[in-house]
Every structure is written in structure tokens, then in C-alpha cells.
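Residue strings, one per chain:
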Amino acid sequence: MATVMYLLTLGACFCFVGLKTNIYIRQKKKMSFRKVNIVILVLAVALFLLVLHHNFLGLSSLLRNEVSDSGIVGLQPVDFIPNAPQRVVDGREEEIPVVIAASEDRLGGAIAAINSIQHNTRSNVIFYIVTLNGTADHLRSWLSSSNLKRIRYKIVNFDTKLLEGKVKEDPDQGESIKPLTFARFYLPILVPRAKKAIYMDDDVIVQGDILALYNTPLKPGHAAAFSEDCDSTSAKVVIRGAGNQYNYIGYLDYKKERIRELSMKASTCSFNPGVFVANLTEWRRQNITNQLEKWMKLNVEEGLYSRTLAGSITTPPLLIVFYQQHSTIDPMWNVRHLGSSAGKRYSPQFVKAAKLLHWNGHFKPWGRTASYTDVWEKWYIPDPTGKFSLIRRHVEISNTK
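Residues numbered from 1 in each chain as written. Predicted model: local features only at pLDDT ≥ 70, side-chain atom pairs only at ≥ 80, totals over all residues. Heavy atoms only, no water.

Digging into helix α11 (residues 288-302)
This is how it is decided: Where helices and strands are cited, they refer to DSSP runs of H or I of at least four residues and of E of at least two residues respectively, numbered from the N terminus. Expected span of a helix, by definition, is 1.5 Å for each gap between consecutive residues, and there is one gap fewer than residues. Relative accessibility decides the category of a residue: with a 1.4 Å probe and only protein chains considered, values under 20% of the type maximum give buried, values over 50% give exposed, and everything between is partly exposed. Note on contacts: a residue pair is in contact if any heavy atoms of the two residues lie within 4.5 Å.
End to end, α11 covers 21 Å across 15 residues, agreeing with the expected 21 Å (1.5 Å per residue, within 8%). Buried within α11 are the following residues: I288, T289, L292, E293, W295, M296, L298 and N299. Those residues of α11 that are buried are in contact with α6 (187-190), α9 (257-260), α10 (280-285) and α12 (315-321). Residue G303 follows α11 closely and has a positive phi angle near 65°.

Structure follows, in C-alpha cells:
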């Protein structure tokens, strides 16, 4: 019906143009034939621009509909490259959604992570790259000018208004002013049609086939699978080798009555939320996002997180919501602490065998003193715009002068 009305309107416009032209010719008999043609040409161009504008609005509406069924304002797709292989078009292969946040100051990390995933799998991976409006153009130009131009991806803008009333500005907690760290809370909205997805931080390198991580079994009723800090023999070896162990008391303030009322053992081993597999069907059923937002708001009002050890305001609400209600991933799929001095204790053989390397900690692989930066740099693609560069290279150049 809308198409018919549009065609009728367009036809009426042409009739109106013809009528006006005839009237114009009769009234201005002295006007040369050339001038009449110019007038008609101008009107034709105007009509062309009108049709073009109509089609553009239709395309914009289609793009918005990619996530419009989520019911939440603030997460909208900016770009999508649907370069699907024929086997996917024919429905013979499942899509693997991988969600990764990409902030302007860490964009090189996201690029390296994506590159490592893409080159180590033959599966149909779609990257949902979450960023802020001002970074989208930079990200797009980086992807289109590198050997990643053939990947399938969607750039999703994260509206910081989603966090109003849920995060308090705190100079002692750096993540309070980094909104993209909370993107993982909104997975069902970021990937609205998927039943399952992988989330990972930007400071990782994937050395195994991402399909194996995607196929991590989740127990009935569990909405996510994380890497435990000390729940199995292999995990204990990894964590002890790094010289770090964590538990709930390191993230939550057990002096607060609301925390004590939860009856969660303070000695319970925590988990790392930098890499996890999510059952989005179960996530939606349990309203996990709403639960996480509830604890974010309560922390703003009551200050429920530990101020001594945690160093992360995204981890505590996840620890609360998923307390004894999550599955585990193979510890080799999240070999951590490469961003701390503990990472230097890993042997080259162990690092080579790891399926996923994670530079969590203060020292990032694009910085100065992280461990095994040569492994990370193998997957790094230089920024064609020159906006992002490796910090340590600046140091090396200055030292040679």
C-alpha cells in the first residue's frame, strides 16, 4: 500500500511539473527554448533527489530494524558486511557471534584479537564490535584497508545513557569512566537473534579454533560459562603459576549488610569475565541484564564493592548474579595474567599451547612491559590512519636518538 501511494505521489509530481512548464511557456513566450530546457532539467534533478532521499530513508529504517526488536534504546548497528560463504547461505553452517568492545585508545587490541580469531578458524564467525559513535569511522577505515576486509562484522554504537544512575564517577575506579566495559551486560540486545554468543575483551589473542570455545557445554539453567580462578586441578596450576588467586572477598564488601544477606561464602573462588560463553536464551529467560543493572544501581547507592583488591567494577555484579549458577570453560581458553609481572612466569611452551592468551592487568601488549608482546604483535595490523601506534615503539625510537 505504501509503495502504491508513493508511485501515485510521484506521478502527480510529474503531472504538476508538466503543467507548470506549459503555463510557464505560455506566460513567457519571449523566453528562449534553451531557458525552458534548463528549468525542466532543474525540476528533474529535484525529483531525482526526492526519490533518492526516499530510498535512503528506507535503507536506514532497515538497518535500525536489526536491533529494534530488543526494546531498548541505545544500541544501534552502524555498519554490516554480510560476506557470507555459500555454505552459510545454504544453511549448512551455524553462525558464531563474537562480541568484542573497541574503544578508541585500545582499538589496536581489538583489531589484533579479531585478526587472530579469523585466521585460526574456518567457521562462520560474525563479529559484533561495540564502540562509541566517535570511533566508528576510524574502526571502519582500519578494517577496510587491511586483510580483515573480508570478515563479517557489525559495528554497534553503545549509548552511554544506558548507564545513567548505574555507574558512579570514582577516580579510584578507572572503569567507572569506561562505559564499554559494561557492553557484556547487554549481550542479548547486542546479538538480538542469536541463541548463543561469545564475549571477549580486546586484550586477547586466540590461538585455537574459536568453534571449540563456542561448543563449550553449559549445564541446564546456566546462562554463561566462565573460567574459574581455582576450581580444577589444571586451573590451579595456571593460577598458581601466575602467583595470583582470587575469591569473592576481593570484590565485595562483606561489611555491608546487603552483601552478608546474600549468604555467599567470602572464600568462594571468583571467575574471570573477560572471556565467556553465553546461552542467550537462558540469559533472556532469567532477565540477567536486569539483575546486573539492579546491583549496579545498589552499588551507586550503598557502595557494595571492595575498594582494596577488586580493581574492577564490572566483575562484582557478575559474581553476585552468577554465584554457583554458571558453567566453566577449559582454562586453556583463558590463560590470564600476561598483563602483570606474573605473566613472565609462563614458559614459552605453555604460551604456545594456550588456546587463548589474555593480557589482563595493568600492562597491555601494545604498551611497554607486558609479557610475550612478540606473540601479540604477530597478529597486530598497523593503523593505516596513523592514529594508533605501539607505545613501546615510541620508546625504542627515542632511546636510539
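Having put the structure on the table, let's press on.
Focus on the environment of L319
Mapped onto the secondary structure, L319 falls in helix α12. In sequence terms L319 and Y248 are 71 residues apart; their C-alpha atoms lie 7.5 Å from each other. Among all residues touching L319, those that are not within four sequence positions of it are Y248, Y251, S270 and F271.

Observations regarding helix α4 (residues 107-119)
With 13 residues, α4 extends 19 Å from end C-alpha to end C-alpha; this agrees with the ideal 18 Å at 1.5 Å per step. Of all 13 residues that make up α4, eleven are buried, and the element is covered over most of its length. Among the residues of α4, L107, G108, G109, A110, I111, A112, A113, I114, N115, S116 and I117 are the ones counted as buried.

Observations concerning the pattern of salt bridges
Using the following cut-off: In the sections that follow, a salt bridge refers to a side-chain nitrogen of Lys or Arg positioned within 4 Å of a carboxyl oxygen of Asp or Glu.
In total, this model carries ten salt bridges according to the counting rule given. Between R336 and D229 there is a salt bridge; the shortest N-O distance is 2.8 Å. Taken together, the residues span a long stretch of sequence, with R336 in the loop between β9 (327-328) and α13 (348-353) and D229 in the loop between β7 (224-228) and α8 (233-242) at a distance of 107 residues. We classify R336 as buried; its relative accessible area is 3%.

What to know about the pairing of strand β4 (residues 152-158)
We count it as follows: Should DSSP find at least two bridges between two strands, the strands are regarded as paired. Here is how to tell: hold the view so the strands point away, follow the path from the first strand over the helix to the second, and if it runs clockwise the crossover is right-handed.
The buried fraction of β4 amounts to seven of the seven residues, a majority that puts the element mostly inside the structure. A two-sided burial pattern is seen for β4, the buried positions comprising R152, K154, V156 and F158 on one face and Y153, I155 and N157 on the other. Here strand β3 (residues 124-131) runs beside β4; their pairing, made up of six bridges, is parallel. Bridge pairing in β4 links I126 to R152. Considered for its hand, the β-α-β crossover made up of β3, helix α5 (residues 136-144) and β4 is right-handed.

Notes on the packing of aromatic side chains
How we decide: Centre distance within 6.5 Å is the pairing criterion for rings of Phe, Tyr and Trp, where only the six-membered ring of Trp is used; planes under 30 degrees apart are then read as stacked, over 60 as edge-to-face, and the remainder as tilted.
All chains considered together, the criterion is met by 15 aromatic pairs. With a centroid separation of 5.8 Å and an interplanar angle of 50°, the aromatic rings of W142 and F388 are classed as tilted. Of this pair, W142 sits in helix α5 while F388 sits in the loop between α14 (373-377) and α15 (391-400), placing them 246 residues apart in sequence. Here W142 matches F388 in class, with each residue buried. Taking the centre distance of 5.2 Å and the plane angle of 25° together, the rings of W376 and Y380 count as stacked. Here W376 matches Y380 in class, with each residue buried. Here the aromatic residues Y199, F226, F271, F276, W283 and F322 are joined through ring pairs into a cluster of three or more.

Topic: the side chain of S327
Where we set the bar: Definition of a polar contact: a pair of N or O atoms within 3.5 Å, with one able to donate and the other able to accept a hydrogen when the atoms are protein atoms, and with sequence-neighbouring residues admitted only if both atoms are side-chain atoms.
Within the secondary structure, S327 is located in strand β9. Overall, the relative accessible area of 4% leaves S327 in the buried class. Of note is the side chain of S327, whose polar atom sits 2.9 Å from the backbone nitrogen of K219. Apart from the residues lying within four places of it in its own chain, the contact partners of S327 are P217, L218, K219, H222, A224, A225 and F226.

With respect to the packing of α4 against α5
Put simply, the test is: Every axis corresponds to a line fitted to the C-alpha atoms, with the helix fit spanning only the stretch in contact, and the corresponding angles, defined between N-to-C directions, vary from 0 to 180 degrees. Two helices that cross are described as forming a left-handed crossing if the nearer one is turned anticlockwise from the farther one by less than a right angle, and a right-handed crossing if clockwise. Polar here means any residue other than Ala, Val, Leu, Ile, Met, Phe, Trp, Tyr, Cys and Pro, which are nonpolar, and Asp, Glu, Lys and Arg, which are charged; Gly is therefore polar.
Where α4 contacts α5, the axes come no closer than 11 Å and their chain directions differ by 35°. In this structure, α4 crosses over α5, and the sense of that crossing is right-handed. For the pair α4 and α5, the contacting residues are L107, G108 and I111 in the first and H138, L139, W142 and L143 in the second. Of the residues in the contact of α4 with α5, the class split is five nonpolar, two polar and no charged.

A few points about the nonpolar core
Note the threshold: Nonpolar cores were defined as sets of buried Ala, Val, Leu, Ile, Met, Phe, Trp, Tyr and Cys residues, with membership established by side-chain atoms within 4.5 Å.
Among the nonpolar cores identified, the biggest contains 53 residues, and V98, F127, I129, I198, M200, I210 and L213 are the most heavily contacted of them. In terms of residue count, the dominant contributor to this core is α4 (seven residues). When residues no more than four places from it in sequence are discounted, the contact partners of M200 are V98, V99, I100, A101, I117, V206, I210, L213, G274, V275 and L356. Core analysis: the next-biggest nonpolar cluster, separate from the first, contains 49 residues, Y186, L190, Y199 and V321 among them.

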